[in-house]
Amino acid sequence: MRDAERLVEQQYAMLLRRDVARLPDLYAPEAFYAMPGVTVRPIELPALLRTWTGAFPDLRIDPMGAVRTGGGAAVELRLTGTHTGTLHSPYGTVAPTGRLVSWEVADVVRARKGRITAWRSYFDWSQLLDALGVQLEGLSRAAQHDALALPV
């Protein structure tokens, strides 16, 4: 669907320009944005994405491929950025490490009548946290949270 592809390009461009305040305009009122550990309504999306651009102020998006689906699009991409701000994760917060990291993401987007109805962003938290030097393997969720509360 061309609408979905256009909307995906618009959202990525707005994120790269750090112009996230108008992102809800791309979404239908009943829509949602989901990533591992969090689901938000369109009105909450700017705050969520500001946490990411705050953690990685030089965040870059490198699309690796896209597939058009019956009601939307799926995009594979690599995100790259320097971790100079606090990162909030489902496991707790990670203090800035100064590390340049990259992680892979798959975005699956549905659109109808020129608006996004669902955006699901899939990525592996352990891949990102490992790149930041945070080791979670073998820890309980509570211990993972405690590990992240310590200086990295």
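Residues numbered from 1 in each chain as written. Predicted model: local features only at pLDDT ≥ 70, side-chain atom pairs only at ≥ 80, totals over all residues. Heavy atoms only, no water.

Engineer: What am I meant to see in the pairing of strand β8 (residues 115-122) here?
Structural biologist: Each regular strand displays side chains that alternate between the two surfaces of the sheet. Pairing between strand β1 (residues 27-35) and β8: four bridges, direction parallel. Bridge pairing links Phe-32 to Ala-118 in β8. With seven bridges joining them, strand β7 (residues 100-112) and β8 adopt antiparallel strand pairing. What sits directly across from Val-109, in β8, is Trp-119. (Pairing = 2+ DSSP bridges. Helix = DSSP H or I, 4+ residues; strand = E, 2+ residues; numbered from the N terminus.)

Engineer: I would appreciate a short explanation of the pattern of salt bridges in the present structure.
Structural biologist: Between side chains of opposite charge, pairing is possible as soon as their charged atoms come close. Summed over the entire model, instances satisfying the criterion amount to seven salt bridges. Between Arg-17 and Asp-19 there is a salt bridge, with its nearest N and O atoms 3.4 Å apart. Note on Arg-17: relative accessible area 51%, which makes it exposed. Asp-19 gets classed as partly exposed once you look at its relative accessible area, which sits at 23%. (Salt bridge = Lys/Arg side-chain N within 4 Å of Asp/Glu carboxyl O. Buried < 20%, exposed > 50% of the residue type's maximum accessible area, 1.4 Å probe, protein only.)

Engineer: I keep staring at the nonpolar core and nothing clicks. Help me out?
Structural biologist: Across soluble globular proteins, nonpolar side chains have a tendency to be buried as a group. The biggest cluster of nonpolar side chains holds 43 residues, and the ones touching the most others in it are Tyr-33, Trp-52, Phe-56, Leu-87, Trp-103 and Leu-128. For this core, the secondary structure elements donating two or more residues are α1 (2-16), β1, α2 (45-55), β4 (72-82), β7, β8 and α3 (125-131). Per-element tally for this core: the top contributor is α1, with six residues. Look past the residues within four positions of Trp-52 in its chain and what remains in contact with it is Met-35, Leu-87, Trp-103, Phe-123, Trp-125 and Leu-128. (Core = buried A, V, L, I, M, F, W, Y, C linked by side-chain atoms within 4.5 Å. Contact = heavy atoms within 4.5 Å.)

Engineer: Sorry if this is basic, but what is going on with empty space enclosed by the protein here?
Structural biologist: Rolled over the atoms, a probe sized like a water molecule indicates the empty space that remains. In this structure the tally under the stated criterion is one cavity of 30 Å³ or more. Quantified by volume, the largest cavity comes out at close to 210 Å³. Taken together, the elements giving at least two residues each to the lining of the largest cavity come down to α1, β1, α2, β4, β7 and β8. Among the residues making up the lining of the largest cavity, the classes are represented as 14 nonpolar, two polar and one charged. (1 Å grid on protein atoms, 1.4 Å probe; cavity = no way out; pocket = protein on both sides within 12 Å on 5 of 7 lines; lining within 4 Å. Points joined across faces, edges and corners; volume = space filled by probe spheres on them. Nonpolar A, V, L, I, M, F, W, Y, C, P; charged D, E, K, R; others polar.)

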